[in-house]
Each structure stands twice: as C-alpha cells, then as structure tokens.
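One letter stands for each residue in the lines below.
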Amino acid sequence: MSRFLTTTWLLMARALREARRTPANDLGNAFIPLFFYAVTVGAVGGVAREAFGVDDYKGFQLPVALLQGAAGIAGGAGLALTQDIQSGYFEKLMLTSTPRFAIVLGRMLADAVKALGLSVLIIAMALAFGSGFETGPAGMAVLLVGTAAFARDNSVTYLIEGQRSLITAGWEPAALLKGAAAIVGIGAFTFTLTALALRSRAG
Amino acid sequence: MSAIVANGLAKHFPPDIRAVDGIDLDIPEGQVFGFLGQNGSGKTTTVRMLTTLLRPTAGTARVAGVDVLADPERVRKAVGVALQEVGLDELQTGREQLSLQSRLFGISPAETRRRVNHLLEIIALTDAADRPVKGYSGGMKRRLDLACALVHEPRVIFLDEPTTGLDPITRDQVWRYVEELNRDGVTFFLTTQYLEEADRLCHDIAIMDRGKIVAKGSPAALKSSTGSDAIPVSFATAAEATRADARIRRFEGIDTTAIAGREVVAYLKNGASAVAGIVLALNDEGLTVRELRLAQATLDDVFLRATGHHLEVRERPDGAAVPGGAA
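The model shown is predicted, which means the values in this text are computed figures rather than measured ones.

Caption draft 1: Representation of the pairing of strand S9 (residues 204-209) of chain B within the structure. All names here are of chain B. By the criterion of burial, S9 is predominantly enclosed, with five of the six residues buried. Where S9 meets strand S10 (residues 212-217), five bridges bridge the pair, whose relative direction is antiparallel. The residue of S10 that forms the bridge with Asp-209 is Lys-212. Where S9 hands over to S10, the hairpin turn is made up of two residues, of which Arg-210 adopts a positive phi near 50°.

Caption draft 2: Here's a closer look at the nonpolar core. Residues and elements named next belong to chain B. Core analysis: the largest hydrophobic core is formed by 45 residues, its most contacted members being Leu-98, Leu-125, Leu-144, Leu-159 and Phe-188. The dominant element in this core, judged by the number of residues it contributes, is helix H5 (residues 138-150), at seven residues. Every residue in contact with Phe-188, bar those within four places of it in the chain, is listed here: Gln-31, Val-32, Phe-33, Ile-157, Leu-159, Val-178, Leu-181 and Asn-182. By size, the runner-up hydrophobic cluster in this structure holds 38 residues, among which are Ile-4, Leu-53, Val-81 and Leu-83.

Caption draft 3: Up close: the interface of chain A and chain B. Counting residues at the interface gives 26 residues for chain A, matched by 29 residues for chain B. Regarding the contact of chain A and chain B, the summed buried area is about 2500 Å², with carbon and sulfur atoms giving 54% of it. Run the count over chain A and chain B and you get five salt bridges. When the shortest N-O distance is used, the salt bridge between Arg-17 of chain A and Glu-96 of chain B registers 3.7 Å. Seen at the junction of chain A and chain B, the total is 10 residue pairs in polar contact (both at pLDDT 80 or more). Looking at the side of chain A that touches chain B, the elements that each hand over two or more residues are helix H1 (2-21), helix H5 (89-94) and helix H9 (173-201) of chain A. The greatest single-element share of the side of chain A that touches chain B, amounting to nine residues, is contributed by H1 of chain A. Partitioned by chemical class, the residues of the side of chain A that touches chain B number seven nonpolar, nine polar and 10 charged.

The rules we used
Residues numbered from 1 in each chain as written. Chains lettered and ligands numbered in written order. Predicted model: local features only at pLDDT ≥ 70, side-chain atom pairs only at ≥ 80, totals over all residues. Heavy atoms only, no water. Buried < 20%, exposed > 50% of the residue type's maximum accessible area, 1.4 Å probe, protein only. Helix = DSSP H or I, 4+ residues; strand = E, 2+ residues; numbered from the N terminus. Pairing = 2+ DSSP bridges. Core = buried A, V, L, I, M, F, W, Y, C linked by side-chain atoms within 4.5 Å. Contact = heavy atoms within 4.5 Å. Buried area = accessible area lost by both parts, 1.4 Å probe. Salt bridge = Lys/Arg side-chain N within 4 Å of Asp/Glu carboxyl O. Polar contact = N/O pair within 3.5 Å; in protein donor to acceptor, adjacent residues only side chain to side chain. Nonpolar A, V, L, I, M, F, W, Y, C, P; charged D, E, K, R; others polar.

Rendered as structure tokens:
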C-alpha cells in the first residue's frame, strides 16, 4: 500500500510540476469561469429575482463557475494524458513496476489539487462580489472538496444542485447525498473502465 | 540459464494480420542477441510481447525466469526497455526524468541520486541535466532514453533499433556502452536494421521475415552457410537476371544463388577463380553484365538467401537502389 501511495504521490508531483511549467495551459481554465461569472452576475443579477425568483444570484451562479473551471482542468488532464500516450512517455511509465492504477490516479489527484486552487480563487471573487454563504466556512470546505472531486469524475446535475444548496439554502442532506452519490458512482464506473483499458493494453 | 525463452509466441491482429507467427527463442544469459528484419517483419511486436506491453495471442514466454503473462510486474522489474520511439516527457529535465524513473522502480531517494549522477556522467549529459528535455538534440534524447532503461540496473535489456537516426559518433558511443554492460553479464535483446550493428555486437542473431524466424545462428556461422564468397551481378532487367540465375546455377563450384530484382548473387567457396568463367558463360547466353563485384559474404547475403530481399538498401549517385550491407 505504501508503495502505491508513494508512486501515486510521485506521479502527482510530476503532473503538478508540468502544470507549473506551462501556466498558459491553465490560464484559460481560470479566466473563462471568472469572466463569465462576472459578466453573468453583472448582466442578469439585477433582474434574477423578478425573472427567476432567485434572491442571491451571485451565490446561485457560483457552482456553475466552479464546475466550469473544474471541467476545464479535467479536459486539460485528458489532453495531457493523450500527449503522454502520443509521445511514448505513457509506455515508459507502463514499463516500470508502478501499479497501473497509480499512473492514472497520480494525474487525477494533480488535477484535483489544481481544481482546489482555482476554486479558492473563484470563491474569493464571489465573496468580493458580495455573494452570501449560508453554510459558512464548513460549507465552503465541502464545496471545495466537491469541486476537486468533480475535476476527477465529471458528474454534473446532482453535484451542481448539491453545491448550490450549500450556498443558497443551507445544509440539505438529500441534495448533498445525491451529489456525493453521483461522484462516487461515476467515479467507480470510469475507474473500472480505465482499469479495463489498461489491462487490455498490457499484461 | 536462459535469459529469454519463447515457445510458439504469436500475435495476430484482426482481421488476418499475423504480426508474429509462432516463434521460438532460447537466449542464454550474458548474450547479445540480435533480431534482424525489415520494417513490419514483427521485431517490435516481439519486443512488446516480451516486455509485457502487449498480450500474446498464443504461445508462452519467460524473461529472466519469469512468465510474462503470469507475473508481468516481476518481468518489468527485471528488464530495461528502450523502444524505437524515444518516449520522454519534454517538460521534465533530464535529471527529473531519470530520478522519477528510478523512484517508480522503488529505489530509495539516496540511491536514486547516486545512480542518476553516475548515469548522467556515463551518457555525457551532466551539463544538460537540469535543462528541460525539449531543448535536447536527437542524440541527447536517445542517450537519456537509454539511461532510463538502465536506471534500475536490469539484468536483461531490450533495445528496439537503438541507433536508428543517430549520427555515427553517437552510434559508436551506444555500441561501446552495450559492450561494456554486456561484459558485466547483462543480456541484450537488440532489434536492428543495421547489419554492421548486428555483426559487431551480437553473439547470435535471428532473421525475422513476415512474422517468422527464417534463420538463426551466430553471424559467422550464418555467413559461412552461404559460402565464403559472394559475386553480385547486375543486369538491365529482372528478366535477364532470372535467365542469368538459371545459367549461374549450372556453373561448377556454385553453392547457391539468390535473386533480388535485377541482381543475381552467386555464393561459392573460391570466388576469384570463378569470376572469369561466370562472365564468359553469361556472355555465351547473350546476357550483358552491367556490374559485377567479388566480395566476402555478409549478413546481407544471409538475409537475401533467407528472405529473398536485401535488408539494407543504399542509393547510388544515379538514384538506383543497390544492395548495401557491411562485411
């Protein structure tokens, strides 16, 4: 187990090092959600109560910005993995005695770390815009974890509802459980597919 | 003890491509074994099966005493692999790349530092070690790739066309390093298209053609099996070459012949005494010889006999392809 953790850690560090050396790749992931959050809140925020019956549109829109950023990071991770495969580096990793699963998990955890950093930035901006946060710092922590997990798994509707509840409604166990179940379910499904794909590539 | 054993090893791809069609290997420890063949002959597929990157369709294989299907992780620990395409992360530095590779094999940080410094010195990359790989030349990348295959000190090393595209100086460096490691008892499985490489490095070679091994043995034994001398004779057309082949076969002292396009090669024990007679005999047949040489039989001749085509082709100044190959 410790070997699995060590190799996962090493591969996560490698992916983060790569991200640090190519900041332009992640600039778009940060810019797009921040830009659209500012524009949407500025354009629609004033009429949201009359038009949709939403009191705190800044809070309502925050999960969308968070997941938009996380989706960008997840997309970038897929591209990076493809580049590893095309360059032959993925095979070099496959030729080590590293557990196959750690190769994928290391990169995914690096993406979760990146998503966490971006989420902090987006939440700070939302708070600066005057967004409320019904569940306080604890809810904020749950929101960050949820977004980081999304960067790994990708599971939209239930997660966004769960996240939104933290900001605009307070602690709603049903919405949060559905969000968590979506992450776990899709995570288990995609991890299984990944493991099967790796198994079919090699022994 | 055998370092690599394969029995009936095969890899088929749908619908009907037999990339490797049931090959047998038994390579003793401490040997440099050469796998010769043209592109698409099945060399790389064999390497990929033996190194656990590809699951065989049929047959069995043991590398370093371990079954590649039963315990692939132990095989990976025992072997070093440098594939045909250099597989490096261009954003990492050379040192980071080697260090990560070492750590992924479970080697401690302190031992990793020692091995990485040592390897960087050997491959002459110490000065460039902390620069990103994307700035390296092709030769530097190849050397780093090779070092990645060595960092965990494997006892069996697979090199898939390790010197393709390298300049002669770097090629010679790689050869000398292979020889040095082999003196320490490391077994090499080397695929190549270069006959000079096979001749210089390999104790034994196998010639691969269309997924099958068509000849196997030491370079010296294989060359002597063709006769000690070779007389390649070129004609204007392939039809003339075919007629010439029929005539040369009847000539006294000829061991065998082979045809490749517009060229016939006669193999015999004492070429010098036969040249004049062959020219006269061909002249009597009304055949005009364009070019005739007397040479010692090479691995290319062995390859030609076994497969019906040359392994190496070089360009003449007039652009026509003529057989190449080293002695």
